[in-house]
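# Per-entry structural report
So you can see what is in the structure, the chains are spelled out below.
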Amino acid sequence: MPLKGINVLELAGLAPGPFCGMILAQFGASVIRVDKTYGSYNAIDCLGHGKRSIALNLKVYEGSNIFRKLINQSDVLIDPYRPGVMERMKLGPEELMGINKRLIYARLTGFGHNGPYANMAGHDINYLALSGLLSLFGRHNQKPTPPVNLVADFAGGGLMCAFGIILALFERSKSGIGQVIDASMVDGSAYLGSWFFRSQNVPGLWGNPRGKNILDSGTHFYDTYETKDKQYMCVGAIEPKFYEIFLEKLGISSHEMPQFENFEESREKLEKIFKQKTQAEWCAIFDGTDACVTPVLNLKDVASHAHNKERNIFKTGDNGLVTPNPAPRLSRTPGISKKHERNAKLGEHTTEILTELDFKPEEIVNLIANGIVNQGMKHSKL
């Protein structure tokens, strides 16, 4: 695996930080999640599979000392805290990179480490709004609609941070020293939207109000339609040659439904047409063609679709939960998502990790008794 031998410390958080750590873990890195000794995010972190957990009280000397020992043998730290939090515990970049000059200190925040909003609380919707992208999402004459928390949290945040870490690891292979990564979800979201910013002056793409452009549901040939069985099909027949195939499969001529005229009238016609058949019946008509029509799959049924099944895009766990396999695919060193991996419980590996740091059994017992660390319950192997 490409990241085998890379040791990562992930300070417990939600969404972007755990996703960043999951990516690194699934491509071979050894990831230790540093939980708090109580009240951690563990219960709702669904991205901890394959990681180990140590529960530390970083606010006391003994706990921060253990953390420094971990840092000394780590390649990457994922810090999801607001600016100043780690510095107040004397665990900021200056201190930790003084211990380990090869450390890559990845700081993953919403608004970044400087600027008027740097110390404000926020969530995906706030970061997406500030990036300019939220203004693009929504139907005509309706308010902007956030696309759940996909863009800022996971794409602009976790994925961009993982990309930054890979870049820093590559650079370190030449320089021998680490660096600080300032991964802001506003910055990352804006950069993801590079094409939208750079295509503003392309004729026909943008320029109309939200919901009235080609790619934002403003046309009948780039939209979704309900089927007879209350499922949906999506249509993306942008190019004229694909639009012609789309009409041919529907038995409609371009005179009856011209591509770049009467968008609302054509949409109403298509809404009635698609309700005449089930999703499966429409798939039988459009599958294998260049009409750019595909079914809208839900999270439960996605793994059983023929295309996804053949490419093994998803796996189904023993509990029936469907999850994606790692992407992209590398021919020699692919990522691996083990079927039976599970989220580590808070502090589940505390004793194991302390032992690896050469702490004696009596020292570990003392650390647990004094609340410096927490040894969580271990999962039964039965």
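Just so you know, these numbers come straight off a predicted model, no measurement behind them.

Analysis parameters
- Residues numbered from 1 in each chain as written.
- Predicted model: local features only at pLDDT ≥ 70, side-chain atom pairs only at ≥ 80, totals over all residues.
- Heavy atoms only, no water.
- Helix = DSSP H or I, 4+ residues; strand = E, 2+ residues; numbered from the N terminus.
- Buried < 20%, exposed > 50% of the residue type's maximum accessible area, 1.4 Å probe, protein only.
- Contact = heavy atoms within 4.5 Å.
- Areas by Shrake-Rupley, 256 points an atom, 1.4 Å probe, with all protein chains shown as cover.
- Lys, Arg positive; Asp, Glu negative; His and termini not counted.
- Charge placed at Lys NZ, Arg CZ, Asp CG, Glu CD.
- Domains from an automatic or database assignment.
- UniProt positions renumbered as here; feature names shortened; annotations may be inferred.
- Pairing = 2+ DSSP bridges.
- Axes fitted to C-alpha atoms, helices over the stretch in contact; angles between N-to-C directions.
- Expected span 1.5 Å × (residues − 1).
- Bend = angle between axes of the 7 residues up to and from the residue.
- Phe/Tyr/Trp six-rings, centres within 6.5 Å; stacked < 30°, edge-to-face > 60°.
- Lys NZ or Arg CZ within 6 Å of the ring centre and 35° of its normal.
- Polar contact = N/O pair within 3.5 Å; in protein donor to acceptor, adjacent residues only side chain to side chain.

### Describing the overall build of the protein chain
Secondary structure summary: the protein chain contains 14 helices and 12 strands in total. Along the three orthogonal principal directions, the C-alpha set of the protein chain runs to about 85 × 50 × 40 Å. Looking at the protein chain residue by residue over its 382 residues, the buried ones come to 45%. Intrachain contacts of the protein chain at a sequence separation of at least 6 include 63% that bridge at least 24 residues. On the protein chain, roughly 20900 Å² of surface is accessible, and the fraction owed to carbon and sulfur atoms is 55%. In the protein chain, 43 side chains carry a positive charge and 40 a negative one; their mean positions are 4 Å apart.

### With respect to the domain arrangement of the protein chain
Along its sequence, the protein chain is organised into domain 1 (7-192 + 331-374) and domain 2 (222-296). Each of domain 1 and domain 2 has a C-alpha centre, and these two points are 44 Å apart.

### Examining the UniProt feature "transmembrane region" (unreviewed entry) in the protein chain
In the numbering used here, UniProt assigns the feature "transmembrane region" (unreviewed entry) to residues 150-170. Helix makes up 100% of residues 150-170 and strand 0%, with an end-to-end C-alpha separation of 27 Å.

### Focus on the sheet that holds strand S8 (residues 232-236)
Pairing is antiparallel across the open sheet formed by three strands, whose spatial order is S7-S8-S9. Unpaired on one side and paired on the other, strand S7 (222-226) and strand S9 (293-295) mark the two borders of the sheet. Averaged over all adjacent pairs, the angle separating strand axes in this sheet is 25°, with direction ignored. Of the strand pairs in this sheet, S8 and S9 are connected by three bridges, and their pairing is antiparallel. Bridging across to S9, Val235 finds its partner in Val293. Packed on one face of the sheet, helix H10 (residues 263-274) meets S7 and S8 and runs near 40° to S7.

### Regarding helix H6 (residues 150-175)
Because an α-helix completes one turn every 3.6 residues, residues spaced three or four positions apart along the sequence face the same direction. Here H6 spans 35 Å end to end across 26 residues, near enough to the 38 Å set by a 1.5 Å rise per residue. At Met160, H6 is deflected by roughly 30°, the largest bend along its length. Immediately downstream of H6, the backbone of Gly176 shows phi near 80°, a positive value.

### Quick look at the packing of aromatic side chains
Under the counting rule described, the total for this entry stands at 15 aromatic pairs. Ring centres 4.8 Å apart and planes at 45° place the aromatic pair Phe274 and Trp282 in the tilted group. Residue classification places Phe274 among the buried residues on the basis of a relative accessible area of 0%. Linked through ring pairs, Phe221, Tyr225, Tyr243, Phe246, Phe260, Phe263, Phe274, Trp282 and Phe286 together constitute an aromatic cluster. The residue whose ring lies beneath Lys277 is Trp282, and the NZ or CZ to ring-centre distance is 5.9 Å.

### What about the environment of Phe111?
Positionally, Phe111 belongs in the loop between strand S5 (104-109) and helix H5 (124-131). Between the alpha carbons of Phe111 and Pro83 there is a distance of 9.6 Å; along the sequence they are 28 residues apart. Every residue in contact with Phe111, bar those within four places of it in the chain, is listed here: Tyr117, Ala118, Met120, Ala121, Gly122, Asn126, Tyr127, Leu130, Ser184 and Val186.

### A word on the side chain of Asn213
Relative to the helices and strands, Asn213 resides in the loop between helix H8 (194-198) and S7. With a relative accessible area of 4%, Asn213 lands in the buried category. Within the structure, Asn213 has its side chain in polar contact with the backbone oxygen of Pro209 (distance 3.2 Å). In contact with Asn213, other than residues within four places in its own chain, are Leu205, Trp206, Gly207, Asn208, Gly218 and Thr219.

### A word on unusual backbone geometry
Each neighbour pair has its own omega, and for Ala327 with Pro328 the value is 0°, a cis peptide bond. Structurally, the position occupied by Pro328 is in the loop between strand S11 (322-324) and helix H13 (350-356). A positive phi angle, near 65°, is found at Ala15, a position not held by glycine. Summarising the element assignment, Ala15 is placed in the loop between strand S1 (7-11) and helix H1 (16-26). If you check the backbone angles, Ser217 has positive phi at about 80° while not being a glycine. Positionally, Ser217 belongs in the loop between H8 and S7.

### Notes on the side chain of Gln26
One can find Gln26 in helix H1. Accessibility expressed as a relative area gives 9% for Gln26, which makes it buried. Leave out the neighbours within four places in its chain, and Gln26 touches Met1, Pro326, Gly335, Ile336 and Ser337.

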